[in-house]
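Analysis of the macromolecular model
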Amino acid sequence: MLVVTRRPGESVLIGGDVEVFVLAVDGAQVRVGINAPRAVRVLRRELLTQVESENRRAVGTSLGRDDLSRLLQPDRSRSVRAT
Amino acid sequence: MELQTTRFGHIEILDVSEESVLEFPHGLPGFESHKSFALLEELKYLPFRWLQSLVDPTVVFLVIDPRSILGQYEIHVDDLDVECLELLDGEDPGALCIVVMPEDPRSATINLKAPITINQSRRRAKQVILTSERYPLRYPLFQPDQTQHPAAN
């Protein structure tokens, strides 16, 4: 990993069209500004991690035929369909 | 074509049409190597459907059309998504959200934060992550009070 030291107001260029600015530093928090073309996706890392782990949770669970039918019973007071 | 699925917790062999297959060019987060899924549906289980990986019978997602829960659900797709889904100008993708079903189905949640967007006509799909704070990762499938949908406000 390339490591560089920057001060607030300074930036780093990545390729020809991505620029990452250090805007402010306050204790353990760093405020970062990013200039990038629309085709470059910028995402908080933890958000992707959360979606990955939520997907794994989803695959780890299943519902039997009868259980699912029961969930869909129209006479249940809290039926999915009633929404 | 023949397909193996574990959608109900045990192996089952289904005969599905090629048209039910959706291509995920990037896979799904955490499942990047799974690029093709069959969308399984049975009338009696609607609005639930399943996305079954073609390469692994144990990789199956229970999914639901978020609009059947919220009535209204807005997705913003960016240029990258439009390109990946091969959407035409002004064309809106369909959406399905992944259900997480814990042991007690009453506490099931749906992932409104990262819907699976679908271009039906091109049969292409992508799970996108919405940047808006409006929709949570775990939205309760069953509301204590059916008249209130906080995420829809």
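Just above, that's the structure.
Residues numbered from 1 in each chain as written. Chains lettered and ligands numbered in written order. Predicted model: local features only at pLDDT ≥ 70, side-chain atom pairs only at ≥ 80, totals over all residues. Heavy atoms only, no water.

Re the packing of aromatic side chains
All names here are of chain B. Rules: Two rings from Phe, Tyr or Trp (for Trp, the six-membered ring) form a pair when their centres are within 6.5 Å of each other. A pair whose planes differ by under 30 degrees is stacked, one over 60 is edge-to-face, and the rest are tilted. Put simply, DSSP H or I for four residues or longer makes a helix, DSSP E for two residues or longer makes a strand, and each gets a number counted from the N terminus. Accessible area is worked out with a 1.4 Å probe on protein chains only. A residue is then buried under 20% of its type maximum, exposed over 50%, and partly exposed in between. Here, a charge over a ring is recorded when the distance from Lys NZ or Arg CZ to the ring centre is within 6 Å and its angle to the ring normal is within 35 degrees.
Under the counting rule described, the total for this entry stands at seven aromatic pairs over all chains. For the pair Phe24 and Phe37, a centre-to-centre distance of 5.1 Å together with 65° between the ring planes defines the contact as edge-to-face. Residue Phe24 is found in the loop between β3 (21-23) and β4 (36-40), and its partner Phe37 is found in strand β4; the two are separated by 13 residues along the sequence. In this pair, the class of Phe24 matches that of Phe37, namely buried. Between Tyr73 and Tyr135 the ring centres are 4.6 Å apart and the planes differ by 55°, which places this aromatic pair in the tilted class. On the criterion of sequence distance, the pair formed by Tyr73 in the loop between α1 (67-70) and α2 (79-85) and Tyr135 in the loop between β10 (124-127) and β11 (139-140) is long-range, its members being 62 residues apart. Judged by its relative accessible area of 2%, Tyr73 falls in the buried class. On the basis of relative accessible area, Tyr135 is assigned to the buried category, the value being 2%. A cation over an aromatic ring shows up here: Arg7 above the ring of Trp50, its NZ or CZ 4.6 Å from the ring centre.

Considerations on the interface of chain A and chain B
This is how the line gets drawn: In this description, contact between two residues means that some pair of their heavy atoms is separated by no more than 4.5 Å. A pairing counts as a salt bridge when a side-chain nitrogen of Lys or Arg comes within 4 Å of a carboxyl oxygen of Asp or Glu.
Contacts between chain A and chain B engage 30 residues on the former and 51 residues on the latter. For the pair chain A and chain B, the interface holds six salt bridges. Elements supplying a minimum of two residues to the side of chain A that touches chain B: α1 (45-59) and α2 (65-71) of chain A. At eleven residues, α1(A) tops the list of elements feeding residues into the side of chain A that touches chain B.

Some points on the sheet that holds strand β3 (residues 29-35) of chain A
Residues and elements named next belong to chain A. The condition that has to hold: Should DSSP find at least two bridges between two strands, the strands are taken to pair. Helix axes use the C-alpha atoms of the stretch in contact, all axes being lines fitted to C-alpha atoms, and the angles between their N-to-C directions lie in the range 0 to 180 degrees.
With antiparallel pairing, three strands are arranged side by side in an open sheet as β1-β2-β3. Two strands bound the open sheet, and with one partner strand each, they are β1 (11-14) and β3. Averaged over all neighbouring strand pairs, the angle between strand axes comes to 25°, with direction disregarded. Bridge count for strand β2 (residues 18-26) against β3 is seven bridges, and the pairing is antiparallel. Residue pairing for β3: Val25 is matched across the bridge by Val30.

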